[in-house]
Amino acid sequence: MNHRFPLPDSLAELRNYVNGEFVATGKLFANVSPINGAVLAQVHEADAALADRAVKSAKAALDGPWGSMSVAERAAVLDKVADAIERRYDEFVAAEVADTGRSIEQARTLDVYRGVANFRTFADLVKVAGGETYDMRTASGHDVMNYTVRKPHGVIAIISPWNLPLLLLTWKVAPALACGNTVVVKPSEETPSSATLLAQVMDEAGVPPGVFNLLHGFGPDSAGEFLTGHPDIDAITFTGESSTGSTIMKVAAEGVKEVSFELGGKNAAVVFADADFDAAVAGVIRSSFTNSGQVCLCSERVYVERPIFDRFVAALKEKAEALKVGYPDEPGVDMGPLISKGHRDKVLSYYKLALEEGATLVCGGGVPAFGDERDEGAFVQPTIWTGLPDTARCVREEVFGPVCHIAPFDTDEEVIARVNDSPYGLAASVWTTSLKRAHNVSRRLRTGITWVNTWFLRDLRTPFGGAKQSGLGREGGQYSLDFYSEISNISIQL
Ligand SMILES: NC(=O)c1ccc[n+]([C@@H]2O[C@H](COP(=O)([O-])OP(=O)(O)OC[C@H]3O[C@@H](n4cnc5c(N)ncnc54)[C@H](O)[C@@H]3O)[C@@H](O)[C@H]2O)c1
Ligand SMILES: O=C/C=C/C=C(\O)C(=O)O
C-alpha cells in the first residue's frame, strides 16, 4: 500500500545499534502505520545474545574515552547531538509522523523540539552541577572535611513508550549521558524509527562506540526483558504502564537495581465557577484531546463546579465536535489516529463499557468514517461522558484515549477528596481566578504535578514524576542528575 507519510530514506530498514554498528538479526517485525495499516518498514528484533553484547559493550565503554572525558567535554558532545538533530530536523519529524500519525505541526513544535531541548538543557545543567561540603569536629577534637563527588552509575537501561517517542527517550538519554553513564535503550515496538535516527545522530556527533546502544523488540521474552533482566546493568529507567513498571520492579529486585518509573495516570482537571470560562474550556480541550489523549498527563476526569456545569458541558461538547480528525498535513488538524488498532480496541472497549456503566454520551463514542484508506487506520472520535459515579471503571481506570468524563461538584473539600480518590497521582490542572484557592487546592492534591490555569507547560528544571501508582522517584533538572549519578561522600580527617 502506498503511503503519503513514508519514513525518510535513511530508515528503509530498522536495525539495532550496538558498539557503534548497525546490526541486523534477520528476525523481523513490521512497523505499521496507524493512518492506514500500511507496513512502513521491517524492524530487526534483538535476541538475548544481542542484548548481552549491547550491555557488555556499554560496560566496556565506561572505561574507554567516554569515561575519561571532562564534564565540559561530555556536555559539548551532547550539544553536538542537539546540533545533529537540528540538521536532520525534517527527518525526525517524518519519522515521528510516520510511526504515530500525529500532525506535522505537533511533531515539529513538541516532539522534535523537545528532543533538541532535552540535550541542550542537560548539557547546560551538568556544567553547573555542584556538590556538598561539610566541616565537622569530632568529640576527640579531630577536624574532618566531607565532600561529595558525582560518579556515573554505569550502564543505564532505558525503556520508553510509544506516545511521545523521541521526547520521552531523550528525556532520559540526555541526563544519563551527561552524568557519564553509558546506555542501552529499548524504544517501544510501535515507534522504532526516531530512536534509530537518534542512533545515526550519535554516530555523527562522535559519541564513542558502546556509549549509546539501541535494541529493538517487545517486552516479555524479547528485548525489553532481556535488557532489564541483564545482571550487568546498573539502573533501570522506565516510562510506560503501571503494570509494566510493577513487572520490571520485580526483575530489578533480583539484582537490587535502582529504578526510576514514570507510569500511568487518571488525571483530573478541576474547573471552579470563578475560572476564566473560555480559557478553562480551551484548556480542557487541550488537556483531554492533545495527541488523541495519548499523553500520560491528559485529563480523563473533569470536575466542574455546579453553577457552571451545564454551560461547561455544552461548551466542551461544541469544541470537541469541532476538533478536526485527519491526516498529519491537513491545515488545522487537531487529532490523528491512536497508535495502533490494538490500542483502538482497548479504547473502544471503554467506549462500550461507559454506556454499560450508565454514562450519558455527550459526544463521540465511535469511529469516524472517512470513506478512504483511513478507515483501515486506528482513528476514534473525541468522546465526552457525564453521569457516571466515581466508582465506575471508566472514571477509575486509565483509558489513554481522547476521552473525558465530566462530573459536577459543590465544595472545595469535596472535589479535593474526589480527585485524590484514585490509585494514580500523576498530574492535575486547576482552573480558578482566586489565587488563594489555587494555592490551597494545589497543595492538597496528591499529585506529582499540578498546573494552575494551564496544562503541560514544562520547565525542564522542575521535578517530574507521579505519586502512588503513577511513578517512583522524580526526574528533571537536579533530580535527573541525582538519579543518573552515584553520589559518593569523601571524608578526610585533617
Ligand atoms: N508518567 C509518565 O511520564 C508517562 C509518560 C508517558 C507514558 N506513560 C504511560 O505509558 C503508557 C503507554 O505506553 P505503552 O503502552 O508503551 O506502555 P507499556 O508499559 O506497554 O510499554 C512501555 C515500554 O515497555 C516495554 N515493555 C513492556 N513489557 C516489558 C517487560 N516485561 N520488560 C521490559 N520492557 C517491557 C515496551 O516494549 C515499551 O518499550 C500509559 O500507561 C501512559 O500513562 C507515562
Ligand atoms: O506522556 C507523558 C508525557 C510526559 C512528559 C514528560 O516526561 C516531559 O515533558 O518531560
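Everything quoted here is computed from the prediction, not taken from an experiment. (Residues numbered from 1 in each chain as written. Chains lettered and ligands numbered in written order. Predicted model: local features only at pLDDT ≥ 70, side-chain atom pairs only at ≥ 80, totals over all residues. Heavy atoms only, no water.)

Caption draft 1: Summary view of the site of ligand 1. Ligand 1 sits among 30 residues. The nearest are Lys 186, Glu 189, Thr 244, Leu 263 and Glu 398. One of the side-chain N or O atoms of Lys 186 is found 2.6 Å from an oxygen atom in ligand 1. One of the side-chain nitrogen or oxygen atoms of Thr 244 is found 2.7 Å away from an oxygen atom of ligand 1. Here the shell around ligand 1 gets three residues from one element, more than from any other, and that element is helix α9 (residues 242-254). Class assignment of the residues belonging to the shell around ligand 1 gives a composition of 14 nonpolar, 10 polar and six charged. Taken domain by domain, the shell around ligand 1 gets at least three of its residues from each of domain 1 (9-263 + 470-493) and domain 2 (267-458). (Near = heavy atom within 4 Å. Polar contact = N/O pair within 3.5 Å; in protein donor to acceptor, adjacent residues only side chain to side chain. Helix = DSSP H or I, 4+ residues; strand = E, 2+ residues; numbered from the N terminus. Nonpolar A, V, L, I, M, F, W, Y, C, P; charged D, E, K, R; others polar. Domains from an automatic or database assignment.)

Caption draft 2: Region of the structure containing the sheet that holds strand β4 (residues 28-32). Within the open sheet, the three strands sit side by side as β1-β5-β4. Their pairing is mixed. Only two strands of the sheet have a single neighbouring strand rather than two, namely β1 (13-14) and β4. Pairing analysis gives two bridges linking β1 to strand β5 (residues 39-44), with the strands arranged parallel. Among the inter-strand pairings, Leu 14 is bridged to a residue of β5, identified as Val 43. (Pairing = 2+ DSSP bridges.)

Caption draft 3: Looking closely at the side chain of Ser 422. Its place among the elements puts Ser 422 in the loop between α14 (412-420) and β18 (424-425). Since its relative accessible area comes to 9%, Ser 422 is described here as buried. (Buried < 20%, exposed > 50% of the residue type's maximum accessible area, 1.4 Å probe, protein only.)

Caption draft 4: A look at the pattern of salt bridges. All chains considered together, the criterion is met by 33 salt bridges. Notably, a salt bridge pairs Asp 232 with Lys 59, separated by 3.7 Å at the nearest N-O pair. Here the residue Asp 232 occupies a position in the loop between α8 (223-228) and β11 (235-239), and Lys 59 occupies one in helix α1 (residues 48-61), the gap between them amounting to 173 residues. Lys 59 sits in the partly exposed class, given a relative accessible area of 42%. When salt bridges that share partners are traced, they join Asp 79, Asp 83, Glu 86 and Arg 120 into one network. (Salt bridge = Lys/Arg side-chain N within 4 Å of Asp/Glu carboxyl O.)

Caption draft 5: Fine view of the UniProt feature "domain: Aldehyde dehydrogenase" (unreviewed entry) in the protein chain. The residues that UniProt annotates with the feature "domain: Aldehyde dehydrogenase" (unreviewed entry) are residues 27-489. In the segment residues 27-489, helix accounts for 41% and strand for 21%; the C-alpha atoms at its two ends are 47 Å apart. (UniProt positions renumbered as here; feature names shortened; annotations may be inferred.)

Caption draft 6: Quick look at the side chain of Ser 288. Relative to the helices and strands, Ser 288 resides in helix α10 (residues 277-289). Separated by 2.9 Å, the side chain of Ser 288 and the backbone oxygen of Ser 299 make a polar contact. In contact with Ser 288, not counting residues within four places along its chain, are Gly 293, Cys 298, Ser 299, Val 302, Gly 401, Pro 402, Val 403 and Cys 404. (Contact = heavy atoms within 4.5 Å.)

Caption draft 7: Main features of the nonpolar core. The biggest cluster of nonpolar side chains holds 80 residues, and the ones touching the most others in it are Phe 119, Phe 212 and Leu 297. The residues that make up this core include at least three from each of domain 1 (9-263 + 470-493) and domain 2 (267-458). Setting aside chain neighbours within four positions, we find Phe 119 in contact with Leu 78, Val 81, Ala 82, Ile 85, Thr 170, Val 173, Ala 174, Leu 198 and Met 202. Judged by nonpolar contacts, the second largest core, of 29 residues, contains Val 347, Trp 385, Val 395 and Ala 407. (Core = buried A, V, L, I, M, F, W, Y, C linked by side-chain atoms within 4.5 Å.)

Caption draft 8: Representation of the confidence of the model for the protein chain in the model. Summing up the model confidence of the protein chain, the mean pLDDT is 97 and the portion of residues at 70 or higher is 100%. Here the complex is predicted with pTM 0.97, and the ipTM for its interfaces comes to 0.95. (pLDDT = per-residue confidence, 0-100.)

Caption draft 9: Quick peek at the UniProt feature "active site" (unreviewed entry) in the protein chain. In the UniProt entry, the feature "active site" (unreviewed entry) is given for Glu 262. Among residues more than four places away in sequence, those in contact with Glu 262 are Trp 171, Lys 172, Phe 238, Thr 239, Gly 240, Phe 464, Ser 470 and Glu 475.

Caption draft 10: Highlighting α14. All buried positions along α14 are accounted for by Val 415, Ile 416, Arg 418, Val 419 and Asn 420. Packing partners of the buried residues in α14 comprise β13 (267-271), β14 (299-305), β17 (403-409), α15 (435-442) and β21 (467-468).

Caption draft 11: How the structure looks around the pairing of strand β20 (residues 449-452). Residues Ile 449 and Trp 451 line the buried face of β20, whereas the alternating positions Thr 450 and Val 452 sit on a face that is not buried. Sheet analysis places strand β19 (residues 427-431) next to β20, joined by four bridges and oriented parallel. If you follow Val 430 over to β20, its bridge partner there is Val 452. Where the polypeptide runs from β19 across α15 and back to β20, its parallel neighbour, the crossover connection is right-handed. (Right-handed = clockwise from strand over helix to strand, strands pointing away.)

Caption draft 12: Spotlight on the domain arrangement of the protein chain. When the domains of the protein chain are assigned, the result is domain 1 (9-263 + 470-493) and domain 2 (267-458). Using C-alpha coordinates to define each centre, domain 1 is positioned 31 Å away from domain 2. Contact with domain 1, which involves 25 residues of that partner, is made by 28 residues of domain 2. Note on domain 1 versus domain 2: buried area summed over both sides is about 2000 Å², and carbon and sulfur give 60% of it. The largest per-residue losses of area from domain 1 upon contact with domain 2 belong to Ile 35, Trp 162 and Ser 470, which jointly make up 28% of the total buried on that side. Counting across the interface, domain 1 meets domain 2 through zero salt bridges. Inspection of the region where domain 1 meets domain 2 yields nine residue pairs in polar contact (both at pLDDT 80 or more). Put simply, the parts of the chain that give the side of domain 1 that touches domain 2 at least two residues each are α4 (89-100) and α5 (104-128). Here the element with the most residues in the side of domain 1 that touches domain 2 is α5; it accounts for four residues. Considered class by class, the residues forming the side of domain 1 that touches domain 2 number nine nonpolar, 10 polar and six charged. (Buried area = accessible area lost by both parts, 1.4 Å probe.)

Caption draft 13: Focus on the site of ligand 2. As a matter of local geometry, ligand 2 sits amid Arg 114, Asn 163, Leu 164, Leu 167, Leu 168, Trp 171, Glu 262, Val 295, Cys 296, Phe 456, Arg 458 and Phe 464. Cys 296 places a polar main-chain atom, nitrogen or oxygen, 2.7 Å from an oxygen atom of ligand 2. Of the residues forming the shell around ligand 2, the biggest block, three residues, is contributed by helix α6 (residues 165-178). Domain assignment of the residues forming the shell around ligand 2 places at least three in each of domain 1 (9-263 + 470-493) and domain 2 (267-458).

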